[in-house]
Amino acid sequence: MLSEKQKESVKATVPVLKESGEALTDYFYKRMLNNHPELKETFNMGHQRSGAQAKALAGAVLAYAENIDNPGVLAPVIELICHKHVSLNIQTPDYDIVGENLLHSISEVLSIPMEDELITAWGAAYQQLADIFIATENRLYEEHKNSRGSWVGWRNFIVDRKVKESAEITSFYLIPEDGQALPDWKPGQYITLRLQVPDLGIKQPRQYSLSNSPTDNYLRISVKREDPRSEGQDPGYVSSTLHTTVDKGDVVELSAPTGNFYLMNPDATNVLISAGVGLTPMISMVNHLLATHADPHSHPATREGVDSDAELSAGEKKAIYFIHAARNSDVHALRDELQNLAEANNNLHLFIAYEEVKENEVAGRDYQAQGRLNIKDLPAEYLPAEADYYLCGPAPFMQAQYRALTDAGIPAERIFSEAFSTGGLHL
């Protein structure tokens, strides 16, 4: 347990972490991966190349130092990170490797002897945090072990179909190679996909939200090809490999569906707000809601997985509001699927905002607003007070929509957001 003196030592490093945290974590990753090259198949090299991983870790270390007196306030972020660790199959011995390299990095970057009291204090602080992570992750691993159809580690899946959804996004339909059952996952959760990347000569992991309903007998991911938008940027290793190399019949490795962003209450009125590829977990939620709580007046083709008309008509069919922002219709993935669902289900309402529109596209038919999404443009019925709100997209987009929703009087406790950065979403 940390002593008060050790806590003070950790807190004293906050100014240094604010100024040099990213340099420290960048050095740490380089040191650790040089000493343990096998971990290159655990850490995404694209995130290492871009500096995103170092930046996220720097933010997490700073937050821990600032809250060392009461680390419990970080529980939501810890839960989020633990799900990601489980998805990457990180195990208890990995924490020893991380701890050793982190302490040596602090010593070497800050020119502090390993015998110094500050290093001892950070060692105790790290162990305290590691114990919390390990306990949480062991609980999650046990849940997977005891859930029908779930698994721990990696499981081979076959690409059953590959469908181009837009100029940037392609869907991959994945079925288990062993032919065994799939788990009962929650709409909004994600998997980690791992495959061999020819450009690196090693396997690489990447997390993708599932975009289908848990009632299906397959898993579907809808992947944006991460191409450079400006000179000097590099394409995504995994997304490029999936788009250009992987085809029907190929085998990839998946971890079990996990994540703490998912549909909380299917019986509530749900408002889904997304941008870009952030629509993938929302599509999963819509498909699940319509598969299990379909509009009784919907077309039979939309009712797959529902056993009877009596089941369809039982209870009130809650409205679903799907609000999506995209640069233009060319990059609006799964557009036809959404339109078909809305035409067949009277309780699904769409609001589409395009930054750019084509000459032949008609407002009110092809899109509802031109320009960046503005909550103030929404009809009043799209912002019901008694509803759950879900946000997914780039962090600046989610932050803007969160502020707009709270300004409109939506309670913060009814707003849920997905964040794929290790440090979490800071609203």
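A few points on the structure. Note that the structure is a prediction, hence the values are computed from the model and not measured.

### What to know about the overall build of the chain
Thinking step 1. Along the backbone of the chain there are 12 helices and 12 strands.
Thinking step 2. Computed over the C-alpha atoms, the radius of gyration of the chain is 23 Å, within 12% of the 22 Å expected from 2.2 N^0.38 for a compact globule of 427 residues.
Thinking step 3. Projected onto its principal axes, the C-alpha positions of the chain cover 70 × 50 × 50 Å.
Thinking step 4. Residues counted as buried form 53% of the 427 residues belonging to the chain.
Thinking step 5. Partitioning the intrachain contacts of the chain with sequence separation of at least 6 by distance along the chain shows that 73% fall at a separation of at least 24.

### With respect to the nonpolar core
Thinking step 1. Ranked by size, the top nonpolar core spans 70 residues in total, and within it Trp122, Leu193, Ile221, Leu242 and Leu254 carry the most contacts.
Thinking step 2. Here this core gets 12 residues from one element, more than from any other, and that element is helix α7 (residues 117-145).
Thinking step 3. For Leu254, the residues in contact, after removing those within four places along its chain, are Trp151, Gly153, Trp154, Arg155, Phe157, Leu174, Ile191, Thr192, Leu193 and Leu219.

### Observations regarding the packing of aromatic side chains
Thinking step 1. Taken as a whole and judged by the stated rule, the model has 10 aromatic pairs.
Thinking step 2. With 5.6 Å between their ring centres and 70° between their planes, Tyr29 and Phe43 make a pair best called edge-to-face. Taken together, the residues Tyr29 in helix α2 (residues 14-35) and Phe43 in the loop between α2 and α3 (45-50) connect sequence positions 14 residues apart. Here Tyr29 matches Phe43 in class, with each residue buried.
Thinking step 3. With centroids separated by 6.4 Å and ring planes inclined at 50°, the aromatic side chains of Tyr95 and Phe133 adopt a geometry described as tilted. Here the residue Tyr95 occupies a position in helix α6 (residues 92-109), and Phe133 occupies one in helix α7, the gap between them amounting to 38 residues. Considered together, Tyr95 and Phe133 belong to a single accessibility category, that of buried residues.
Thinking step 4. Through a chain of ring-to-ring contacts, three or more aromatic side chains come together here, namely Phe28, Tyr29 and Phe43.
Thinking step 5. In this structure, Lys186 packs its charged tip against the face of Tyr262, placed 5.1 Å from the ring centre.

### Some details on the environment of Ile97
Thinking step 1. Inspection of the secondary structure assignment puts Ile97 in helix α6.
Thinking step 2. The class of Ile97 is buried, set by a relative accessible area of 16%.
Thinking step 3. Sequence separation between Ile97 and Leu39 is 58 residues; the distance between their C-alpha atoms is 10.0 Å.
Thinking step 4. When residues no more than four places from it in sequence are discounted, the contact partners of Ile97 are Met32, His36 and Leu39.

### A few points about the pairing of strand β7 (residues 270-275)
Thinking step 1. Within β7, six of the six residues are buried, leaving the element largely enclosed by the surrounding structure.
Thinking step 2. Side chains Asn270, Leu272 and Ser274 project from β7 onto one buried face, and the interleaved Val271, Ile273 and Ala275 project onto a second face that is buried too.
Thinking step 3. Here β7 runs beside strand β8 (residues 320-326); their pairing, made up of six bridges, is parallel. Across the sheet, Ala275 pairs through a bridge with Ala325, a residue of β8.
Thinking step 4. Alignment of β7 against strand β11 (residues 388-392), held across five bridges, turns out to be parallel. Within the sheet, the bridge partner assigned to Leu272 lies in β11 and is Tyr390.

### Details of the packing of helix α9 (residues 279-292) against helix α11 (residues 335-344)
Thinking step 1. For the pair α9 and α11, the least separation of the axes is 12 Å and the interaxial angle reads 30°. Of the possible angle classes, the one that applies to α9 and α11 is roughly parallel. Where α9 crosses over α11, the handedness of that crossing is left-handed. Residues Ile283, Val286, Asn287 and Leu290 of α9 touch α11, and the partners they reach there are Glu337, Leu338 and Leu341.
Thinking step 2. Split into classes, the residues belonging to the contact of α9 with α11 amount to five nonpolar, one polar and one charged.

### A closer look at the pairing of strand β2 (residues 169-176)
Thinking step 1. Counted residue by residue, β2 has seven buried out of eight residues, so it is predominantly covered.
Thinking step 2. By the bridge criterion, seven bridges tie strand β1 (residues 155-164) to β2 in an arrangement that is antiparallel. Of the residues in β2, the one forming a bridge with Phe157 is Pro176.
Thinking step 3. Count of turn residues in the β1/β2 antiparallel hairpin: four residues.
Thinking step 4. As paired strands, β2 and strand β5 (residues 219-224) are joined by six bridges and run antiparallel to one another. Within β5, the residue paired with Ile169 across the bridge is Lys224.

### A word on unusual backbone geometry
Thinking step 1. Even without glycine at this site, Ser111 takes up a positive phi of about 55°.
Thinking step 2. With respect to the helices and strands, the residue Ser111 is situated in the loop between α6 and α7.
Thinking step 3. A relative accessible area of 63% means that Ser111 is categorised as exposed.
Thinking step 4. Non-glycine residue Leu334 carries a positive phi angle of around 60°.
Thinking step 5. For Leu334, the position within the fold is in the loop between β8 and α11.
Thinking step 6. The exposure class of Leu334 is buried, given its relative accessible area of 2%.

### Here's the deal with the sheet that holds strand β3 (residues 190-197)
Thinking step 1. Read from one edge to the other, the open sheet built from six strands follows the order β4-β3-β6-β1-β2-β5, with strand pairing classed as antiparallel. Each end of this open sheet is capped by a strand with a single partner; those strands are β4 (202-209) and β5. Direction aside, the axes of adjacent strands within the sheet are offset by 40° on average.

Parameters at a glance
- Residues numbered from 1 in each chain as written.
- Predicted model: local features only at pLDDT ≥ 70, side-chain atom pairs only at ≥ 80, totals over all residues.
- Heavy atoms only, no water.
- Helix = DSSP H or I, 4+ residues; strand = E, 2+ residues; numbered from the N terminus.
- Rg over C-alpha atoms; globule rule 2.2 N^0.38 Å.
- Buried < 20%, exposed > 50% of the residue type's maximum accessible area, 1.4 Å probe, protein only.
- Contact = heavy atoms within 4.5 Å.
- Core = buried A, V, L, I, M, F, W, Y, C linked by side-chain atoms within 4.5 Å.
- Phe/Tyr/Trp six-rings, centres within 6.5 Å; stacked < 30°, edge-to-face > 60°.
- Lys NZ or Arg CZ within 6 Å of the ring centre and 35° of its normal.
- Pairing = 2+ DSSP bridges.
- Axes fitted to C-alpha atoms, helices over the stretch in contact; angles between N-to-C directions.
- Parallel < 35°, antiparallel > 145°, perpendicular 65-115°, else oblique.
- Left-handed = near helix turned anticlockwise from the far one by under 90°.
- Nonpolar A, V, L, I, M, F, W, Y, C, P; charged D, E, K, R; others polar.

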